[in-house]
Each structure stands twice: as C-alpha cells, then as structure tokens.
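These are the residues of each chain, in order.
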Amino acid sequence: MRQPYRIPRRRINALLGSFVMFCLAIAYRIVTFQVVQSKTLTSEADAFRLQSDVIPAERGDILDARGRVLATNVPADRVSAIPAQVTDVQRTAQLLAPIIGRTASDLVAAITQPGKEWVVLQRQLPDQKAQQIKALKLPGIVLNAELRRTYPMGTLAAHVLGFVNDAYVGSYGVEGAYDKVIGGTPGKLVAQRDTSGNIIALANSVLQPPIDGSNLVLTIDSAVQRVVEQQLDAALAKHGAPSGTVVIQNAKTGAIIAMASRPTFDPNNYGQVSSPAVYNNTAIADVYEPGSTFKTLSMSVGLDTGTVTPNTVHNAGPYKALPGGGRIYNALHVDFGPESMMQILEHSSNLGMLWVVDQVGKDRYYPGIQAFGIGKPTGVDLPGEAAGILPLPNQPGWSIVTMETNAFGQGLAVTPLQLVNAASAIANGGRLMKPFVVQEIRGASGTRVKQPTVVRSPISATTSQEMTTMLVEAVAASQPYQQYVSVPGYDVAEKTGTAQIPAPTGGYLPTVTIASVIGWGPAEDPEYTMLVRVDRPQDTPWGESAAGPTFRAIFEQLFLLSAVAPTHPIPAASPTPTGG
C-alpha cells in the first residue's frame with residue numbers, strides 16, 4: 001500500500017512565510033494610508049472636490065444730482081463648463097458659440113485645456129440667452145447667477161460715466177476713476193462640489209462674504225445733460241461738423257452740471273465702436289488752440305496787473321510788424337482804429353489784445369495765465385485728463401512773438417474743461433475752483449459729501465466784475481453777436497472764438513476752424529459757465545454763427561430748468577434758435 005504524499009515542511013514554511021509577508025505588506029499599506037498619510041490623502045481628496053468661487057460684490061449705483069439712476073445692476077448668468085462631463089466638445093461648442101458671442105474653435109480650446117476641472121466660458125449673460133442655454137440641456141454646462149451692469153439712459157453722459165467691462169471692472173469715466181469705491185470687495189466661497197458642479201450641502205465650506213460697493217451721486221443734472229446733448233447733436237448735423245463739446249460748470253462751486261462730447265458710444269454696448277478713441281472724453285483729454293475765447297484771460301491779466309483799465313484807449317493800426325518781416329492782422333485785415341478795452345473784446349481785436357499783453361510783459365503775463373490753471377491738469381475726478389500746452393519764456397523756441405500770439409489764443413493749447421474752469425474764476429469773483437463730478441459717496445458706513453475747493457485767486461473781485469461788465473457791454477454793442485448769442489431776458493457775459501487748426505507740417509490749415517463760445521450768467525450773480533465748441537463746421541467758420549445759437553438755446557433752457565428768473569422782459573416774438 002502506497003504511503004500518502006507529504007509536503008515537505010520546508011515548502012510549508014516557505015508558503016507560510018510568503019503569506020505572512022503578504023499580510024504584513026497589506027497591513028503596512030493600510031497603516032500607511034489610514035494613519036501615516038491620512039491627513040495628506042484627506043487633503044488631496046478634499047482638494048479634488050473643493051472649488052473656489054469668487055463672489056462678486058454688488059456694484060454701487062450711480063445717480064445724477066436729482067437722484068435719477070444713471071447706472072445700476074440687473075440679474076444675469078455666468079456660463080461655465082465641467083470638461084470631464086462634456087460628452088461632445090465639438091457639438092457643445094457649436095451650439096454655444098452663437099449664443100455667448102465666442103467662436104466654436106475658441107470654446108473648444110477653452111473646454112479642452114489640460115488639467116482644467118472648471119472653465120468659465122462667458123459672464124453677464126442676459127436672461128434670454130441664459131434660457132436658450134438651459135433649453136439645450138448640454139452635459140457639463142453650468143449656469144450660475146451673477147449681476148450685469150446696465151445704463152438706463154443709454155448714451156446719456158457716456159463719457160462721464162464710462163462703462164464696466166466683461167470682467168466687471170470699471171473703465172473710463174466715473175466707473176474707472178471710482179472703481180475701487182463703487183466696485184466693492186469680492187468675496188470667496190470655498191466648497192466641496194459633486195461631479196455635476198453642485199455644492200455638497202453637508203460638506204465643509206468656507207464663505208468670505210463680499211463687501212458691496214458705495215453709491216455715487218454726481219453733480220451732473222440729467223435734465224440739463226439731455227438738453228445739452230440734443231442741442232449739440234442738432235448743431236453738428238446742421239453745420240456738417242464731425243465732433244463737438246459742451247461743458248457747463250457751476251461757477252461758484254466748480255461742480256460739473258453737464259459734459260458732452262461727440263462722437264459718443266452706448267456703455268450698454270461699449271464694444272460696438274469704430275475705434276477705442278471714441279471712449280476718450282474730449283472735454284478733458286483733447287487739447288486745442290482756443291483762439292479768441294482766450295482773450296478773456298489775457299484781458300483779465302491786463303486789468304488785474306493795473307496795466308490797463310476798462311477806459312484805456314489804444315489805436316493798434318492795420319497790422320503789427322514782426323521781426324523777420326512777418327505781420328499779424330485782425331480777422332479779415334480790419335483796422336478798427338482807436339479802441340477801448342471793451343471794444344477790443346467787442347471787435348475781438350487781435351492787435352488790440354496783442355498790445356495789452358505787450359504792455360503787461362512776459363514776467364507778469366505768464367504767471368497771470370498760469371494762475372488760471374493753464375498748462376496743468378485741473379484735477380477733476382475723471383481719468384485721462386490732459387495738461388494742455390503753455391510755452392514759457394524759459395523754454396526752447398519761445399520768443400516775444402510767442403507771447404503776442406498767445407494773447408489771442410494761438411500757439412498754446414487748452415482742454416475745454418481748463419478754459420471753462422478758468423472762465424468760472426473770472427465769473428465768480430476771482431476764485432479758481434477745483435472741478436468735480438462726484439458730490440456724494442454713499443456707503444455702508446455713511447455718506448461723504450465733497451466740499452468745493454478753492455485752488456487760488458488769480459484775479460481780484462474788482463477785475464472779475466470789470467470783465468463781466470465789459471463782456472456784457474460788448475455783446476450789447478454788437479449786432480452780429482446779439483442775433484446769435486444774446487439770451488432774451490438775461491445779461492450773459494460771452495466771448496466768441498474762431499480758432500485756426502494747426503497743420504501737421506506747420507502753420508495752420510487754410511479752410512477749417514474750431515468755432516466756440518465761452519460765457520457765464522446771469523451776469524448779476526453768475527451761476528453757470530458754459531463752453532460750446534463745434535469742430536470744423538462746413539457752412540460757416542465763425543464762432544458766433546456756428547456755436548452761438550447753440551450757446552443761446554442751451555442757456556435759455558438751463559435758466560428755465562434751474563428756475564433762474566429773467567432780469568429783463570422777454571420779447572413775445574423772441575426767436576429761440578435750436579441746434580446752431
């Protein structure tokens with residue numbers, strides 16, 4: 001009988017040893033994962049599920065001086081993709097592209113980025129588009145609620161307001177200048193999400209709530225702004241002018257009541273412009289030679305230094321000979337004969353103004369002009385302000401001829417706001433104010449009210465009154481001025497300007513001008529200073545005929561809206577020119 005086979009003890013011991021080693025290895029791995037690396041692995045698992053989401057702060061509203069809403073927020077949606085759940089990238093991209101305004105290839109590239117678990121495809125979608133996306137029921141496409149900026153009055157005051165871009169950041173205008181104030185501080189939500197991108201309610205999450213932005217109250221009066229823009233548009237259309245500007249300032253405080261530039265844009269659709277240059281606010285960013293409107297400043301310096309009085313009379317003759325054989329003439333080469341200082345303003349006499357500045361001299365003239373803020377930014381609370389150009393005696397290229405042409409507004413450059421702000425100093429008794437467009441900041445901690453700021457006093461109250469009287473008399477004495485710029489029922493101090501435009505190659509363009517009027521009123525107690533500028537009018541080159549009727553029409557409606565009572569009877573049949 002055969003003996004049963006017995007496994008050698010050596011082999012049994014080897015198998016037993018292998019089994020023990022296998023058990024020990026498993027135990028080691030269990031201990032390693034469950035004990036030694038438990039915190040690390042738990043963190044990695046949490047990190048895999050955790051999503052950090054920025055919670056936008058609610059942007060503050062922008063209101064006009066009457067409390068009307070100029071900018072606010074409306075509900076919108078953000079569309080995102082969870083790449084791992086997108087079953088058909090090409091189809092998804094093709095369906096989404098026309099709805100969210102991106103190309104299909106761009107969306108494919110976004111969704112297929114390596115290592116991305118969550119991709120934002122578009123923000124601030126209107127509800128209509130969000131509903132279209134929901135109806136598609138695309139796997140891996142998620143909608144989250146957020147806010148979208150809207151401007152209820154469309155293009156009104158667009159250059160003052162600016163806009164909010166796709167990243168919800170303010171650009172240009174008040175939106176850009178006060179972005180940190182009005183934009184608030186975004187919050188953050190760190191939470192675990194399931195595979196569909198939904199927050200796991202019972203899991204740990206960390207919420208850092210956002211701090212909403214402050215509301216801004218502007219000095220802009222939307223009713224006046226509407227009048228200004230309508231009249232400016234009509235003037236440009238009538239005269240075939242490509243661009244223009246109107247600025248109205250409270251002469252006593254420096255507050256900007258209205259500010260309009262053309263061409264303009266709709267901040268609701270800011271991307272639909274022919275060029276980004278349209279975003280620039282030409283009232284503060286565009287420099288130009290002001291021409292005869294600048295005579296108001298030159299004459300003020302002459303009076304304030306005691307060089308001349310309103311009764312001083314001078315005969316400038318037919319021209320002024322320049323070193324080297326050149327000559328300076330009045331417009332149309334008119335010889336006005338003996339002129340008082342008021343008549344120099346009435347006639348807009350280049351030669352008379354040149355003579356006044358020659359008597360003042362460079363050592364007093366340029367400090368006097370600089371005291372009005374010419375050659376430096378005004379400090380208005382808007383971005384992109386230019387400094388202007390003021391050549392000074394200690395600079396290369398300056399000569400006595402430079403000063404003589406500066407006297408009547410050539411050879412230097414200002415922004416429209418600089419000129420208005422300087423004119424306000426003449427109007428208000430001699431105080432140069434710091435212009436501003438935001439008068440209140442209303443936040444959670446209270447309301448901050450901006451107080452008017454006096455920069456300096458470039459002229460005396462006496463000079464201020466003399467200039468106002470002279471300009472009112474100049475208009476009354478000139479029939480051409482009266483028919484275009486006089487405001488029925490009111491005395492308004494005014495000065496027209498017909499400025500040449502420098503040519504790129506030197507000299508001036510022969511056939512185009514910048515037509516403008518600067519003025520303030522009512523003259524008895526000036527409240528408002530206004531500049532109307534019409535660039536390159538095609539039918540008439542003159543300031544009084546191209547810009548004067550618009551100046552007149554705006555002032556009539558401004559006084560009506562502001563309840564400023566007339567000081568003279570208004571003729572029943574008084575014409576009211578509109579739009580230049």
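Small disclaimer: the values here were computed from a predicted structure and weren't measured. (Residues numbered from 1 in each chain as written. Predicted model: local features only at pLDDT ≥ 70, side-chain atom pairs only at ≥ 80, totals over all residues. Heavy atoms only, no water.)

1. Describing the overall build of the chain
Stage number 1. When you go through the chain residue by residue, the secondary structure sums to 20 helices and 23 strands.
Stage number 2. In the chain, which comprises 580 residues, the share counted as buried stands at 49%.
Stage number 3. Once local pairs closer than 6 in sequence are excluded, the contacts in the chain between residues at least 24 apart make up 72%.
Stage number 4. Accessible surface, the chain: about 26700 Å² in total, of which carbon and sulfur atoms supply 55%. (Helix = DSSP H or I, 4+ residues; strand = E, 2+ residues; numbered from the N terminus. Buried < 20%, exposed > 50% of the residue type's maximum accessible area, 1.4 Å probe, protein only. Contact = heavy atoms within 4.5 Å. Areas by Shrake-Rupley, 256 points an atom, 1.4 Å probe, with all protein chains shown as cover.)

2. Quick word on the pairing of strand S10 (residues 215–218)
Stage number 1. Bridge analysis of strand S2 (residues 62–63) against S10 gives two bridges, and the strand direction is parallel. Bridge pairing links Leu-63 to Val-217 in S10.
Stage number 2. Here four bridges tie S10 to strand S18 (residues 438–443), and the two strands are oriented antiparallel to one another. Pairing of Asn-215 across the sheet is with Arg-442, part of S18. (Pairing = 2+ DSSP bridges.)

3. Quick notes on helix H3 (residues 89–100)
Because each turn of an α-helix spans 3.6 residues, side chains separated by three or four positions in sequence point in the same direction.
Stage number 1. Spanning 12 residues, H3 covers 16 Å between terminal C-alpha atoms, matching the ideal 16 Å at 1.5 Å per step.
Stage number 2. For H3, every residue scored as buried is listed here: Thr-92, Ala-93, Leu-96, Ala-97, Ile-99 and Ile-100.
Stage number 3. Those residues of H3 that are buried are in contact with strand S3 (69–81), helix H4 (104–111), strand S4 (119–125), helix H5 (127–136) and strand S5 (141–150).
Stage number 4. The N-cap of H3, judged by a side-chain oxygen 3.4 Å from the amide nitrogen of Gln-90 a few residues on, is Asp-88.
Stage number 5. Positive phi appears at Gly-101, one or two residues downstream of H3, with a value of about 80°. (Expected span 1.5 Å × (residues − 1). Polar contact = N/O pair within 3.5 Å; in protein donor to acceptor, adjacent residues only side chain to side chain.)

4. Looking at the side chain of Asn-250
Stage number 1. Mapped onto the elements of the fold, Asn-250 is located in strand S11 (residues 243–250).
Stage number 2. At a separation of 3.2 Å, a polar atom in the side chain of Asn-250 contacts the main-chain amide nitrogen of Thr-253.
Stage number 3. Setting aside residues up to four positions removed in sequence, Asn-250 forms contacts with Ala-255, Ile-257 and Glu-527.

5. Remarks on unusual backbone geometry
Stage number 1. For the peptide bond that leads from Arg-262 to Pro-263, omega is 5°, which places it in the cis range.
Stage number 2. Here Pro-263 lies in the loop between strand S12 (256–262) and helix H10 (282–285).
Stage number 3. For the bond from Gly-521 to Pro-522, the omega torsion is -5°, close enough to zero to count as cis.
Stage number 4. Mapped onto the fold, Pro-522 is located in the loop between strand S22 (508–521) and strand S23 (528–535).
Stage number 5. Backbone geometry at Lys-137 places phi at a positive 50°, although glycine is not the residue there.

6. Looking at the pattern of salt bridges
Pairing is possible between side chains that carry opposite charge, provided their charged atoms lie close to one another.
Stage number 1. Per the counting criterion, the structure on display carries 18 salt bridges.
Stage number 2. Residue Asp-179 pairs with Arg-59 through a salt bridge whose shortest N-O separation is 2.8 Å. Note that Asp-179 is positioned in helix H8 (residues 179–183) and Arg-59 in the loop between strand S1 (50–55) and S2, a separation of 120 residues in sequence.
Stage number 3. Residue Lys-252 pairs with Glu-527 through a salt bridge whose shortest N-O separation is 3.2 Å. (Salt bridge = Lys/Arg side-chain N within 4 Å of Asp/Glu carboxyl O.)

7. Looking at the nonpolar core
Stage number 1. Ranked by size, the top nonpolar core spans 84 residues in total, and within it Val-174 and Met-299 carry the most contacts.
Stage number 2. In terms of residue count, helix H16 (residues 416–427) provides more of this core than any other element does, eight residues in total.
Stage number 3. Setting aside chain neighbours within four positions, we find Val-174 in contact with Ile-62, Val-160, Leu-161, Gly-162, Asp-179, Leu-216, Leu-218, Leu-382, Val-437 and Val-438.
Stage number 4. By size, the runner-up hydrophobic cluster in this structure holds 28 residues, among which are Val-224, Ala-241, Phe-551 and Phe-559. (Core = buried A, V, L, I, M, F, W, Y, C linked by side-chain atoms within 4.5 Å.)

8. What about the packing of aromatic side chains?
Stage number 1. Applying the stated criterion to the full structure yields 12 aromatic pairs.
Stage number 2. Both rings, one in Phe-163 and one in Phe-265, keep their centres 6.1 Å apart while their planes meet at 85°; by these two values the pair is edge-to-face. Of the two residues, Phe-163 sits in strand S6 (residues 163–164) while Phe-265 sits in the loop between S12 and H10, which places them 102 residues apart along the sequence. Grouping residues by exposure puts Phe-163 and Phe-265 together as buried.
Stage number 3. Measuring from centroid to centroid gives 4.9 Å for Phe-163 and Tyr-279, while their planes differ by 55°, and the two rings are tilted. Highlighted residues: Phe-163 in strand S6 and Tyr-279 in the loop between S12 and H10, separated in sequence by 116 residues.
Stage number 4. On the basis of relative accessible area, Phe-163 is assigned to the buried category, the value being 4%. (Phe/Tyr/Trp six-rings, centres within 6.5 Å; stacked < 30°, edge-to-face > 60°.)

9. Thoughts on the sheet that holds S12
Stage number 1. Read from one edge to the other, the open sheet built from five strands follows the order S12-S11-S23-S22-S21, with strand pairing classed as antiparallel. The open sheet has two edge strands with one neighbour each: S12 and strand S21 (493–502). Neighbour to neighbour, the strand axes of the sheet diverge by 10° on average, direction disregarded. (Axes fitted to C-alpha atoms, helices over the stretch in contact; angles between N-to-C directions.)

10. So, the packing of helix H11 (residues 295–304) against helix H14 (residues 362–371)
Stage number 1. Two elements in contact, H11 and H14, have axes separated by 10 Å at closest approach and are oriented at 125°. Our classification of the angle between H11 and H14 gives oblique. Between H11 and H14 lies a crossing whose hand is right-handed. Residues Leu-297, Ser-298 and Val-301 of H11 touch H14, and the partners they reach there are Arg-364, Tyr-365, Gly-368 and Ile-369. (Parallel < 35°, antiparallel > 145°, perpendicular 65-115°, else oblique. Left-handed = near helix turned anticlockwise from the far one by under 90°.)

11. Brief notes about a nonpolar patch on the surface
Stage number 1. A surface patch of nonpolar side chains, about 280 Å² in accessible area, is lined by Leu-332, Val-334 and Trp-542.
Stage number 2. Locating Trp-542 in the fold gives a position in the loop between S23 and helix H19 (543–546). (Patch = residues over 30% accessible without salt bridge, like charges linked within 9 Å, V, L, I, M, F, W, Y side chains within 5 Å.)

12. Some details on the confidence of the model for the chain
Stage number 1. Chain-level pLDDT for the chain is 90 on average; 87% of the residues reach the 70-or-more range.
Stage number 2. Residue range residues 576–580 is modelled with pLDDT below 50. Its contacts to residues more than four positions away, or to other chains, number 18 contacts. (pLDDT = per-residue confidence, 0-100.)

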